[in-house]
Amino acid sequence: MIILIGGEKGGSGKSCLAQNLAVYLQQECRLNVMVVDCDPQRTTSKWVQARNDNDAITRINCVQMYGKIREDLLSLGGHYEAVVIDCGGQDSVALRAAMSVADFALLPLRPKRRDLQTLEHVDDLINNSLMFNPKLECAFVLSQCPSLPNQARRILEAKEVVGTWDHRVLDAITYQRNIYDDSEEAGCSVLELEPDGKAAAELRQIFNQLLQQPNQRAIELRYAHSNKQLEPQYDTRQSIAISHQ
Ligand SMILES: Nc1ncnc2c1ncn2[C@@H]1O[C@H](COP(=O)(O)OP(=O)(O)OP(=O)(O)O)[C@@H](O)[C@H]1O
Ligand SMILES: [Mg+2]
């Protein structure tokens, strides 16, 4: 299973989600995980390095890859049960290559105008990718949401905006919480720092929703391409359900 955390907006929380997803899949789903860092800033590689220097937590495998990485990703996908790709904050050859082979793409956006403005370009990217990779299940997730009750409307409106592009947006969101920043210290994850906390709960919801719910649009496109009966492929979801303990 290959999972891309991507998008076109800097700072939306891609690396943070990729790191926590890798820990979630390794620790809680007991999968054999490889993290691929495609961002020249090396945010996730540095996090893994700090993690692997910390004897108190389990190690995570990580490689850096740039450019035409399609074949390399396919090869990693054959060796690891889960490959988690952190693609950095802009359109790139690596991002397109990752979208051409991924099973899932999780695309974080903050409920802010400038983040939502990237939807037009990301919509193009998704549509192009689905032509070559009809199994790709894309889902947007709202991240770093304000928790004040009078801001709830902004979150709803942002979800509606994503909906107008006919893309799936997860119900689950991340709220702005200091623990996300604090956990990055020493290569740790929110799930390890406060496993019963609110941030850990919202992350588990996000990952479960991403991996276990079918993306209707991808299914329809798959149907349109194959011209067969409308029937989703549940293989990857089944395998994660089985591995989940
Ligand atoms: N839900 C959250 N609440 C508070 N802070 C958060 C949350 N999610 C991420 N952050 C913080 O926001 C900052 C940016 O996050 P991150 O590095 O994951 O973004 P990114 O999308 O990978 O950025 P880039 O485009 O530069 O790669 C980090 O300091 C991270 O700790
Ligand atoms: Mg990043």
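Presented here is an overview of the structure given in this document. Just so you know, the residues in each chain are numbered from 1, in the order the chain's sequence is written. For this description, chains carry letters from A and ligands carry numbers from 1, given in the order in which they are written. Residues qualify for local features only when their pLDDT is at least 70, as the model is predicted, and side-chain atom pairs are given and counted only at 80 or more; totals for whole chains, interfaces and linings, by contrast, use all residues.

Here we look at the packing of helix α1 (residues 14-28) against helix α10 (residues 198-212)
The cut-off we apply is this: In this analysis an axis means a line fitted to C-alpha atoms, helices contributing only their contacting stretch, and an angle means the value between N-to-C directions, from 0 to 180 degrees. Put simply, DSSP marks the helices as runs of H or I at least four residues long and the strands as runs of E at least two long, and each gets a number from the N terminus on. Every angle not falling under 35 degrees, over 145, or within 65 to 115 is termed oblique; those three ranges are roughly parallel, roughly antiparallel and roughly perpendicular. Contacts are defined on C-beta atoms placed from the backbone: any two residues whose C-beta positions lie within 7 Å are in contact. Only Asp, Glu, Lys and Arg are considered charged, only Ala, Val, Leu, Ile, Met, Phe, Trp, Tyr, Cys and Pro nonpolar, and every remaining residue, Gly among them, polar.
At a closest axis distance of 11 Å, the pairing of α1 and α10 adopts a crossing angle of 80°. In terms of orientation, α1 and α10 fall into the roughly perpendicular class. For the pair α1 and α10, the contacting residues are N20, L21 and Y24 in the first and L203, R204 and F207 in the second. Residue classes in the contact of α1 with α10 are distributed as four nonpolar, one polar and one charged.

With respect to the site of ligand 1
This is how the line gets drawn: In this text, near has one meaning. A residue is near a molecule or strand if its C-beta atom, placed using the backbone, is within 6 Å of it.
Surrounding ligand 1, one finds 19 residues, the nearest of these being G10, K14, S15, C16 and G89. For the shell around ligand 1, the elements supplying multiple residues, two or more each, are α1 and α8 (178-184). A breakdown of the residues in the shell around ligand 1 according to their chemical character gives two nonpolar, twelve polar and five charged.

Quick notes on the environment of T43
For clarity, the cut-off: With C-beta atoms placed from the backbone, the exposure class of a residue follows from how many other C-beta atoms lie within 10 Å of its own: 20 or more, buried; 12 or fewer, exposed; in between, partly exposed.
Tracing the sequence through the fold places T43 in helix α2 (residues 43-52). Under the C-beta neighbour-count criterion, T43 is labelled partly exposed, with 19 such atoms within 10 Å.

Section: the environment of S100
Relative to the assigned elements, S100 resides in helix α4 (residues 93-101). With 30 residues separating them in the primary sequence, S100 and R70 have C-alpha atoms 7.3 Å apart. If we ignore the near neighbours within four places in the chain, the residues touching S100 are R70, S129, F132 and N133.

Let's talk about the sheet that holds strand β1 (residues 2-5)
The line we're drawing: At least two DSSP bridges between two strands are required for those strands to pair.
Taken together, six strands build an open sheet; the order of strands is β3-β2-β4-β1-β5-β6 and the sheet is parallel. The open sheet has two edge strands with one neighbour each: β3 (61-64) and β6 (137-142). Across the sheet, the mean angle from the axis of one strand to that of its neighbour is 20°, orientation sign disregarded. Summarising the sheet, β1 and strand β5 (residues 104-109) pair through three bridges and their orientation is parallel. The residue bridging I5 from the neighbouring strand is L106, located in β5.

Notes on the packing of helix α3 (residues 70-79) against α4
The line we're drawing: For any helix crossing, the convention is left-handed if the near helix is rotated counterclockwise from the far helix by under a right angle, and right-handed if that rotation is clockwise.
Look at α3 against α4: their axes get within 9 Å of each other, and the N-to-C directions meet at 45°. As summarised for this structure, α3 and α4 are arranged oblique, according to the angle between their axes. The handedness of the crossing between α3 and α4 is right-handed. Seen from α3, the contacting residues are R70, L73, L74 and G77; seen from α4, they are A97, A98, S100 and V101. The residue inventory of the contact of α3 with α4, partitioned by class, reads five nonpolar, two polar and one charged.

Some remarks on helix α7 (residues 152-164)
Going by this rule: The span one expects for a helix is its residue count, reduced by one, times 1.5 Å.
The terminal C-alpha atoms of α7, which comprises 13 residues, lie 19 Å apart, in line with the 18 Å expected from a rise of 1.5 Å per residue. In the segment just after α7, D166 is the residue with positive phi, at about 65°.

Topic: the nonpolar core
Cut-off, in case you're wondering: To count as a nonpolar core, a set of buried Ala, Val, Leu, Ile, Met, Phe, Trp, Tyr and Cys residues must be joined through C-beta atoms within 7 Å.
Counting 68 residues, the largest nonpolar core has I3, V84, I85 and A98 as its most contacted members. With eight residues, the top contributor of residues to this core is α1. Those residues in contact with V84, other than ones at most four positions away along the chain, are I3, I5, A18, L21, A22, L25, V33 and V35.

A look at unusual backbone geometry
At R42, a position not held by glycine, the phi torsion is positive, near 60°. With respect to the helices and strands, the residue R42 is situated in the loop between β2 (33-37) and α2. Residues other than glycine seldom take positive phi values, yet D166 does so here, at roughly 65°. Locating D166 in the fold gives a position in the loop between α7 and α8.

Description of the pairing of β6
In terms of residue burial, β6 counts as a mostly covered element, since six of its six residues are buried. Going residue by residue along β6, you find E137, A139 and V141 tucked away on one face and C138, F140 and L142 tucked away on the opposite face as well. Inspection of the sheet shows β5 paired to β6 by six bridges, in the parallel sense. Residue pairing for β6: L109 is matched across the bridge by L142.

Any functional reading would require information beyond the geometric quantities listed.
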